[in-house]
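Descriptive analysis of the structure
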Amino acid sequence: MHVTFLVYRLDRSRLMSTEFYRQDLEILRSLGYEVEVATSLREVPAKTDFVFLWWWNWLWLVGPVLKMRGLPICVTGSLEPDLYEKRSWLYRFLVRSGLRFADRGVFVSQYMIDRLSQLMHLRNPLLCPHIVMDEYHLANPANKRSMPNVVFNVAWKNANNVRRKMQIELLEAFKRVSEKFPDARLVLAGEHMEGQALMEKRCEKWGLEDRVEFLGKISKEQKIHYMQNCGAYYQCSRHEGFGVAIAEAMACGAPVIVNRKTAIPEVVGECGYYVADESPESIAEVMEQVLTDQKAATEMGKRAAKRVDDQFRFARRQAFFRELINEMLGQNSETNSSVKKRAA
């Protein structure tokens, strides 16, 4: 069977560097399908049996064309309610209009389904969370960590993401922590963009230049190394459709410091440290707790890794899409047969 993996208007260089695209491509190929990647409608091959579409925002445009070709469409990805509500009326109208072209819509968190159902009509929404690949795992069975005084975080440094991922609050919290823990270090990874300038100015203002390290964009291997060995992974966020980086850190045994916002509790469960509120004082308090009792933090990290192994691994999403695609193709075949009989 021929499947087209369609990510409309995507720079192809991002396909294998973006974890969730790479995961779903590997899943489709592992199921024995011949997979072609398309980033435009012209690239969708004539010999296509099924379209696996990433992102909902272009469904209004690609959906009618694909349906004219009689192709079943499964759409997945993150349609974050917090972002959707802030977009223009035209954007919201187009997204809602496009929903009818999807034969199946697969969301990555229950939060997303519940919140979007209040904003639009979702026809039989399905839930299948993101996953974490097997290379993210404990460095050793005891979860012994070689950098217990390092707090680690990964986030793009554009201005919007710096605000969303609460990076300034993190710096202010770490300023408080550094006064009590002189050996503590904050290591920040993520592509250097315009938002980093503000963070660097705050570091200078608070005298943190020697305590905070900006790594810039790092390799997957470097990211795993830090997640396997840091004393804590921080990712409080104003909103998350899922929280892939949180799950990756958990898989590596990192004690995660998070807040109870949007989909984050679905990922973390009771296997992480929650801040009481989103103030720097509250973040600092939890950070100090983790750095003070490293034995308890190590055990928390082990429980987090088990949670990921139980709920967010490759086999789960693979089995879900095997069953779903087989069902969709069976229904599409029956529909096409009925249409041909009526035409005759």
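For the structure, check the block above.
Structure report, in brief. (Residues numbered from 1 in each chain as written. Predicted model: local features only at pLDDT ≥ 70, side-chain atom pairs only at ≥ 80, totals over all residues. Heavy atoms only, no water.)

1. A few points about the nonpolar core
- The biggest cluster of nonpolar side chains holds 60 residues, and the ones touching the most others in it are Phe-152, Met-250 and Val-268.
- If you tally residues by element for this core, the top one is helix α10 (residues 244–251), at 7 residues.
- Dropping the residues within four chain positions of it, Val-268 is found in contact with Ile-246, Met-250, Val-256, Val-258, Tyr-274 and Arg-307.
- Core analysis: the next-biggest nonpolar cluster, separate from the first, contains 31 residues, Leu-171, Ala-232, Tyr-273 and Ala-284 among them. (Core = buried A, V, L, I, M, F, W, Y, C linked by side-chain atoms within 4.5 Å. Buried < 20%, exposed > 50% of the residue type's maximum accessible area, 1.4 Å probe, protein only. Helix = DSSP H or I, 4+ residues; strand = E, 2+ residues; numbered from the N terminus. Contact = heavy atoms within 4.5 Å.)

2. A look at a nonpolar patch on the surface
- Taken together, the side chains of Trp-89, Leu-90 and Phe-93 present a nonpolar region at the surface, about 360 Å² in accessible area.
- Along the chain, the position of Trp-89 falls in helix α4 (residues 89–98). (Patch = residues over 30% accessible without salt bridge, like charges linked within 9 Å, V, L, I, M, F, W, Y side chains within 5 Å. Areas by Shrake-Rupley, 256 points an atom, 1.4 Å probe, with all protein chains shown as cover. Salt bridge = Lys/Arg side-chain N within 4 Å of Asp/Glu carboxyl O.)

3. Notes on the side chain of Asp-24
- When you line up the elements, Asp-24 lands in helix α1 (residues 19–30).
- With a relative accessible area of 1%, Asp-24 lands in the buried category.
- Beyond its immediate chain neighbours, meaning those up to four positions away, Asp-24 contacts Phe-5, Phe-52, Trp-54, Thr-76 and Arg-317.

4. Section: the pattern of salt bridges
- For the coordinates displayed, the defined rule picks out 23 salt bridges.
- A salt bridge links Arg-238 to Glu-169; its shortest N-O distance comes to 3.0 Å. Of the two residues, Arg-238 sits in the loop between β10 (230–234) and α10 while Glu-169 sits in helix α7 (residues 167–180), which places them 69 residues apart along the sequence.
- The class for Glu-169 is buried, based on a relative accessible area of 17%.
- Residue Asp-310 is joined to Lys-306 by a salt bridge in which the shortest nitrogen-to-oxygen separation is 2.7 Å. Of this pair, Asp-310 and Lys-306 both sit in helix α13 (residues 294–311), 4 residues apart, roughly one helical turn.
- The exposure class assigned to Lys-306 is exposed, which follows from its relative accessible area of 51%.
- Each of Glu-19, Arg-22, Glu-26, Glu-135 and Lys-220 takes part in one network of salt bridges that share partners.

5. Digging into the sheet that holds strand β9 (residues 212–216)
- Taken together, 6 strands build an open sheet; the order of strands is β9-β8-β7-β10-β11-β12 and the sheet is parallel. In this open sheet, the two strands that pair with only one neighbour each are β9 and β12 (273–274).
- As defined by bridge partners, β10 adjoins strand β11 (residues 256–258) across 2 bridges and the pair is classed as parallel. Along β11, the bridge assignment pairs Tyr-233 with Val-256.
- α7 contacts β7 (147–154), β8 (185–189), β9 and β10 of the sheet and is inclined by roughly 165° relative to β8. (Pairing = 2+ DSSP bridges. Axes fitted to C-alpha atoms, helices over the stretch in contact; angles between N-to-C directions.)

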